[in-house]
Amino acid sequence: MLNNKKEGRISKEITAKIKQAAIDLNYQPNHIARSLQAQKTMTIGLIVADIANPFSSQIARIIEDEAQKAGYSVIFGSSDEKASKTEKLIKLFLNRQVDGFIIAFPENTQTQAQYLKQIGIPFVMIDRYFPEITSNCVSINNYSAAASAINHLLENGRRKIGIVTYATALHHLNERKRGAIDLLGDDAAVGEIRIDHVAEDVAEAIAGFLALPEPVDAVFFSTNLLTVAGLKYLNSLNVKVPDQVAVVGFDETDAFDLFYAPVSYVKQPMTDLGREAVNLLLETIDDSSLQKSVTLDTELVARQSSVLLR
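Keep in mind it's a predicted model, so treat the numbers as computed, not measured. (Residues numbered from 1 in each chain as written. Predicted model: local features only at pLDDT ≥ 70, side-chain atom pairs only at ≥ 80, totals over all residues. Heavy atoms only, no water.)

### Considering the sheet that holds strand E8 (residues 218-221)
Which entries qualify depends on this criterion: Pairing between two strands requires that DSSP report at least two bridges joining them. Numbering of helices and strands runs from the N terminus; a helix is a DSSP stretch of H or I covering at least four residues, while a strand is a stretch of E covering at least two. In this analysis, axes come from line fits to C-alpha atoms, helices being fitted only over the stretch in contact, and the angle between any two N-to-C directions falls in the range 0 to 180 degrees. What makes two residues a contact is simply this: any of their non-hydrogen atoms within 4.5 Å.
Strand order in the open sheet formed by six strands is E7-E6-E8-E9-E10-E12, and the pairing between neighbours is mixed. Of all strands in the sheet, those with a lone pairing partner are strand E7 (189-193) and strand E12 (299-301), marking the two edges. Each strand of the sheet is rotated relative to its neighbour by a mean of 20°, with strand direction disregarded. Here three bridges tie strand E9 (residues 246-250) to strand E10 (residues 264-267), and the two strands are oriented parallel to one another. When the bridges of E10 are listed, Gly-249 appears paired with Tyr-265. Seen against the sheet, helix H8 (residues 198-210) touches strand E6 (161-166), E7 and E8 and runs at an angle of roughly 165° to E7. The strands touched by helix H9 (residues 224-236) within the sheet are E6, E7, E8 and E9, with E9 carrying the most contacts at an inclination of about 155°.

### Focus: the nonpolar core
Across soluble globular proteins, nonpolar side chains show a tendency to be buried alongside one another. Which entries qualify depends on this criterion: For our purposes a nonpolar core is just a set of buried Ala, Val, Leu, Ile, Met, Phe, Trp, Tyr and Cys residues, chained together by side-chain atoms within 4.5 Å. Exposure categories follow from relative accessible area, calculated using a 1.4 Å probe and restricted to protein chains: below 20% of the type maximum is buried, above 50% is exposed, and the middle band is partly exposed.
Membership of the largest hydrophobic core comes to 43 residues, with the highest contact counts inside it found for Ile-63, Ile-102, Val-138 and Phe-220. Per element, the largest residue contribution to this core is eight residues, and it comes from helix H11 (residues 270-286). Core analysis: the second largest hydrophobic core is formed by 28 residues, Val-198, Phe-221, Leu-234 and Val-241 among them.

### Examining the side chain of Asn-156
For clarity, the cut-off: We call two N or O atoms a polar contact when they sit within 3.5 Å, provided that within protein one can donate a hydrogen and the other can accept it, with sequence-adjacent residues counted only if both atoms are side-chain atoms.
By secondary structure assignment, the location of Asn-156 is in the loop between helix H6 (142-155) and E6. A distance of 2.8 Å separates the side chain of Asn-156 from the backbone oxygen of His-152, its partner in a polar contact.

### Comments concerning the packing of aromatic side chains
Here is the rule: Aromatic pairing here means that ring centres of Phe, Tyr or Trp (its six-membered ring) are within 6.5 Å. Orientation follows from the plane angle: under 30 degrees is stacked, over 60 is edge-to-face, and everything else is tilted.
This model, assessed by the stated rule, comprises six aromatic pairs. Plain terms: the ring middles of Phe-105 and Phe-130 are 5.7 Å apart, the flat faces sit at 45° to each other, and that makes the pair tilted. One end of the pair, Phe-105, is in the loop between strand E3 (100-103) and helix H5 (110-119); the other, Phe-130, is in the loop between strand E4 (123-126) and strand E5 (137-140), and 25 residues separate them in sequence. The same class applies to Phe-105 and to Phe-130, which are both buried. Relative to Tyr-265, the ring of Phe-256 has its centre 5.9 Å away and its plane inclined at 40°; by these criteria the two rings are tilted. For the residue pair Phe-256 and Tyr-265, the accessibility class agrees, reading buried in each case.

### Focus on the confidence of the model for the protein
Filter applied, for reference: The pLDDT value expresses, per residue, how confident the predictor is, ranging between 0 and 100.
Averaged over all residues, the pLDDT of the protein is 90; the fraction at 70 or higher stands at 87%. Below a pLDDT of 50 lies the segment residues 30-37, which in the model reaches three contacts outside its immediate sequence neighbourhood of four places, other chains included.

### A short note on the pattern of salt bridges
The line we're drawing: What makes a salt bridge here is a side-chain nitrogen of Lys or Arg within 4 Å of a carboxyl oxygen of Asp or Glu, nothing more.
Enumeration according to the criterion identifies 15 salt bridges in this entry. Across the pair Glu-175 and Arg-178 runs a salt bridge, and its minimum N-O distance is 2.8 Å. With a gap of three residues between them, Glu-175 and Arg-178 both fall in helix H7 (residues 171-184), about one helical turn apart. By relative accessible area, Arg-178 is classed as partly exposed at 38%.

### Focus on the packing of H8 against H9
The following threshold applies: Each angle receives one of four descriptions, namely roughly parallel if under 35 degrees, roughly antiparallel if over 145, roughly perpendicular if within 65 to 115, and oblique otherwise. Note on convention: near helix rotated counterclockwise from far helix by under a right angle means a left-handed crossing. Clockwise means right-handed. Only Asp, Glu, Lys and Arg are considered charged, only Ala, Val, Leu, Ile, Met, Phe, Trp, Tyr, Cys and Pro nonpolar, and every remaining residue, Gly among them, polar.
Relative orientation of the contacting elements H8 and H9 amounts to 60°, with a least axis distance of 9 Å. On the basis of their axis angle, the class for H8 and H9 is oblique. As H8 packs across H9, the resulting crossing turns out to be right-handed. Of H9, the residues touching H8 (which contributes Val-198, Val-202, Ala-203, Ile-206 and Ala-207) are Leu-226, Ala-229, Gly-230, Tyr-233 and Leu-234. Here the residues of the contact of H8 with H9 are counted per class, giving nine nonpolar, one polar and no charged.

Structural data, given as structure tokens:
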């Protein structure tokens with residue numbers, strides 16, 4: 001009666017009394033019972049790398065908003081780039097009977113992706129993906145994104161460019177490194193950073209770049225956290241950006257606006273990433289046979305930190 005499906009069988013007077021009683025008693029619909037009837041819980045499990053990271057928090061908010069438009073709620077979790085924590089979150093969300101997952105998988109989690117495929121739960125890989133696993137995925141063209149950053153630096157007079165990235169097996173980050181190195185060839189100076197030693201490894205990499213017989217005159221950082229760590233270290237050395245060293249980062253963060261030379265960066269289409277991931281997951285929930293890969297383009301936002309040398 002409260003969902004108006006049986007009003008035709010009951011008098012209007014009794015229906016009105018029942019509805020008023022529900023208001024007086026502060027009645028709330030039983031969503032569990034409804035989900036059993038529909039065979040859906042109308043919930044999505046979202047696993048990001050770190051909800052405190054600006055990229056993760058922004059993408060999570062977009063996914064939440066897009067899911068709400070379709071009547072879904074989102075349960076969040078951070079993997080902290082650990083396979084063991086990702087596994088625990090997957091089990092937790094499965095116990096909550098989510099209808100599907102959107103996951104930014106950390107490295108060494110291929111078996112977890114394969115497990116989700118085996119049990120037939122719909123999922124979409126976002127941002128990161130495993131080339132050897134055929135599955136639904138929404139990501140950017142990381143190779144061309146990095147190449148555009150290097151091209152920008154070369155076009156603005158830079159000749160010795162350093163690349164700071166993570167030491168990782170993650171395909172999307174290695175594509176960024178490959179996109180940069182393919183343009184620079186043997187002239188590329190590469191610093192690979194351990195994820196648990198960012199500050200010290202970034203400092204060591206930049207110090208090495210500046211100590212080369214031909215010191216670098218530009219640095220491309222493959223993530224926003226690496227960029228911020230690099231800016232802090234360059235600032236501690238009183239290295240002037242962009243006069244002595246130009247900088248291009250990856251992803252947006254408010255810190256880029258606060259630096260004395262607003263930082264150039266590769267801008268990911270965040271809204272499109274989140275929207276496409278939600279839409280693809282909902283399509284997969286309705287059609288479990290769907291296998292689709294969506295690749296989006298990025299934009300190079302050129303600002304003061306990488307302007308043309310005069």
